[in-house]
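Single-letter residue listing:
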Amino acid sequence: MILELRLSNLRNGESGIITSVGVGRGRWQHRRARQGWRFGKRLEDMGLTPGTEVTVVNSAPLNGPLEIRVRGSRLAIGRGMAERIFVEVKR
Amino acid sequence: MTKNRFTIALAGNANVGKSVIFNQLTGLHQHIGNWPGKTVEKAEGTLHFKGYSVDIIDLPGIYSLSTFSLEELISREYIAVEKPDLVINVVDASLFERNLFFTLQLLELETPMIMALNQMDVAKRKGIKIDHEELEKRFGILVIPTVAVSGSGIYELLEKAIEVIEKGGKRPFQVKYGEEVEERIEALSEIVKKAHYPYPARWTAIKLLEKDEQVEREIHRINPEILSATEKFAREIEDIHGYACSSVITSERYDVSRRIAREVREITPPIKPPMSERIHALTTHKICGYPIMAVSMLSIFYLIFTFGDFTSGLLGDTLFRLKPVFEDVFGTGVVGKLAWGGIMEGIIGGVTVALPYILPFYFILYFLEDSGYLSRIAFLMDSIMHKIGLHGKAFIPVMLGFGCNVPGCLGCRIMETTRERLLAAFVVTLVPCSATTVIILGLVGAFVSIQWALALYLINLLIIFLLGRLAFKALPGEPTALIMEMHDYRAPHLKTVLKQTWFRLVEFITMAFPLIIVGSLVIKTIEILNLLEPLADIISPVTVTWLGLPAIAGIALIFGVLRKELTLIMLATLFEPTNLAHAMTPVQMIVFTLVAMLYIPCVATIAALVKEFGWKKALFIAVFEILLALLLGGIAFRLLSI
């Protein structure tokens, strides 16, 4: 079964394909969309683009950040950010 | 070509060995400063080669050329507007795909460039083989394999760089995107070409489609019609792909990187996981990671402060022995007093407080950063630091602040955005440093009770917690959550770490010492002119009426600006021969300590703040903290006197 989940909901060791990064089709002048743009842009610049495979390797306790592998490199990403990334997972 | 002075810029991701290459190239001819008007560090160096003088600029380590951080903006502005003769793109061969993503963006800036394919040794250990000649053909640029830490390939890199410049630096190829995107980029560049924008037309077109804030703003000023054309193209792309145009461009760029990476690279993964992987797993483990971190942090703390105390004492003793010499030269009159008490004691203060702690601190900071452990600590501490509005990376500066606020403030530059840096530095200045701890223990702990001393310490921590959150909410700009690369562990390149330490130290001295000496001179002058007591009277409405302290305590507080532990020393001297216990009531002692704890960062800390953030912000923090200390002191006095 294929599920669409937030990246933060993946178990350690699980992989998924990114479907979207929490940024809508931003309106041009709208300020919130702007912030969303920056947020999404940063993640995408780090390689988290739609269609990319991402693996959760480890997570820090107390709702700490996740350690993920994406495009051959290892990133630490805050949980708040991970909650806004949606992935498709086979379970 | 008659020109014999060139500029070469080093550009690349963070942690690819850029600063090692920079240090290998420039040796001891370096200058560390800030980019004009910015709080981002600029490292420059000069070298002489085959009759040319070459200026090397080490651009900040970044992942993209968008507008996420000041570093990115500075880098792209520098390359496009200042136009260095050549850009050397330093690439980590072991993390090829991510690095190429940045290379593609550099290519779009249409600057003459060559590539240093670095960390070839690490790549080899990971079983990665890269056909660099094939890569040269793809991009139309020279690719030189290097191992910066051993110096291999560096000479060739420089030789080729000069050759390329001599030949006039040909432009690299442009890498094509998918057809439907490419068509629109080309159409848009045609329109942009007429706008006379300092950046290349194709680059501008791509940035517009990415909805780059700065480019949009500037293009809007030149010709708003270009933006409506952009919007039309962006919508078309969005309709084809089904998601935001900026995401499409980034995805495409990564797809191209991946495609090229696959074509020129061969991977045969090693069977045994390397040692660095096992250390990584251990140091980020949710149980084992914390004790390991606690032990390393405590040893670092211990190391810095034993080294600091020892050297500080040694330096202080040695310098104070010069006093008779000074008195011989300048006499014991006003001039002599100013020369010794003003200038020399200022220098001694600077030398004994700043140097012995800052030197080992910088060394350890760069060591931790370079080895990769810093990012693991940030990973482990992120959720806790979030409670005070910071994120994991701020743990190190805040922790060091408990020893001395100065290195704490300087360490805030490891944060990514200016907002984060300022927030972290603000929190650091509130942290009780070792001198503050001396006041708390030496006054309240010794004369009131140890419980009260502890209570004051806790109150201080509570204030940090509350103000940290408040500042986090109040400061303009967007909060940025943690996102960072955790590169593989590696042995730091000692020579680079030592040089980084040395040049930062020199930079700090040139910045802070004049300020420390001036501060010391001013206070000494006031003392010599017998103005201390009139001054104490002037501020007595605050010290006596509002805070309920003896008037003379105001003098001690003024001296504390130089070094906080001076407040305690001054208090003891001023009340001589009476015992402190009789001169001040317990309530006065508690209020005094509370004020001394918070009231102002010492002059060296202010100097560090000025250096990192400029005068305005430094003064704002100082004034804010004085007001806060007075407010809380007054409230405490009234509460405790009930």
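What you see is a predicted model, and the numbers here were worked out from it, not measured in a lab.

Draft legend 1. Region of the structure containing the overall build of chain B. In terms of regular secondary structure, chain B is built from 30 helices and ten strands. The globule rule puts the C-alpha radius of gyration for 642 residues at 26 Å, and the 29 Å found for chain B is close to it. In terms of principal-axis extent, the alpha carbons of chain B reach across some 85 × 55 × 55 Å. Across the 642 residues that make up chain B, the buried fraction comes to 48%. Taking all contacts inside chain B whose residues are at least 6 apart in sequence as the whole, residues at least 24 apart take part in 73%.

Draft legend 2. Up close: the interface of chain A and chain B. At the junction of the two partners, chain A supplies 37 residues and chain B supplies 34 residues. Of all the secondary structure elements, the ones that give two or more residues to the side of chain A that touches chain B are helix 1 (31–45), strand 5 (73–77) and helix 2 (79–82) of chain A. The biggest single contributor to the side of chain A that touches chain B is helix 1 of chain A, with nine residues. When the residues that make up the side of chain A that touches chain B are grouped by side-chain class, the tally is 14 nonpolar, 14 polar and nine charged.

Draft legend 3. Geometry of the domain arrangement of chain B. According to the domain assignment, chain B consists of domain 1 (5–166), domain 2 (179–267) and domain 3 (511–640). Computed from C-alpha coordinates alone, the two centres of domain 2 of chain B and domain 3 of chain B are separated by 57 Å.

Draft legend 4. Region of interest: the nonpolar core. All names here are of chain B. In terms of nonpolar packing, the biggest core is built from 209 residues, with Leu-10, Leu-209, Ala-424, Val-427 and Val-595 touching the most fellow members. When residues in this core are grouped by element, the largest group, ten residues, is from helix 15 (residues 334–371). If sequence neighbours within four positions are ignored, Leu-10 has contacts with Lys-18, Ile-21, Phe-22, Ile-56, Ile-57, Asp-58, Leu-59, Ile-88 and Val-90.

Draft legend 5. Main features of the pairing of strand 5 of chain A. Residue and element names in this part refer to chain A. Of all five residues in strand 5, five are buried; the element is thus mostly enclosed. Side chains of strand 5 alternate between two faces, with Ser-73, Leu-75 and Ile-77 and Arg-74 and Ala-76 buried alike. Bridging between strand 4 (residues 66–70) and strand 5 involves five bridges; their strand directions are antiparallel. Bridge pairing in strand 5 places Ile-68 opposite Leu-75. The turn joining strand 4 and strand 5, which pair antiparallel and follow one another in sequence, is formed by two residues; a positive phi near 50 degrees is taken by Arg-71.

What counts, and where the lines are drawn
Residues numbered from 1 in each chain as written. Chains lettered and ligands numbered in written order. Predicted model: local features only at pLDDT ≥ 70, side-chain atom pairs only at ≥ 80, totals over all residues. Helix = DSSP H or I, 4+ residues; strand = E, 2+ residues; numbered from the N terminus. Rg over C-alpha atoms; globule rule 2.2 N^0.38 Å. Buried ≥ 20, exposed ≤ 12 C-beta atoms within 10 Å, placed from the backbone. Contact = placed C-beta atoms within 7 Å. Nonpolar A, V, L, I, M, F, W, Y, C, P; charged D, E, K, R; others polar. Domains from an automatic or database assignment. Core = buried A, V, L, I, M, F, W, Y, C linked by C-beta atoms within 7 Å. Pairing = 2+ DSSP bridges.

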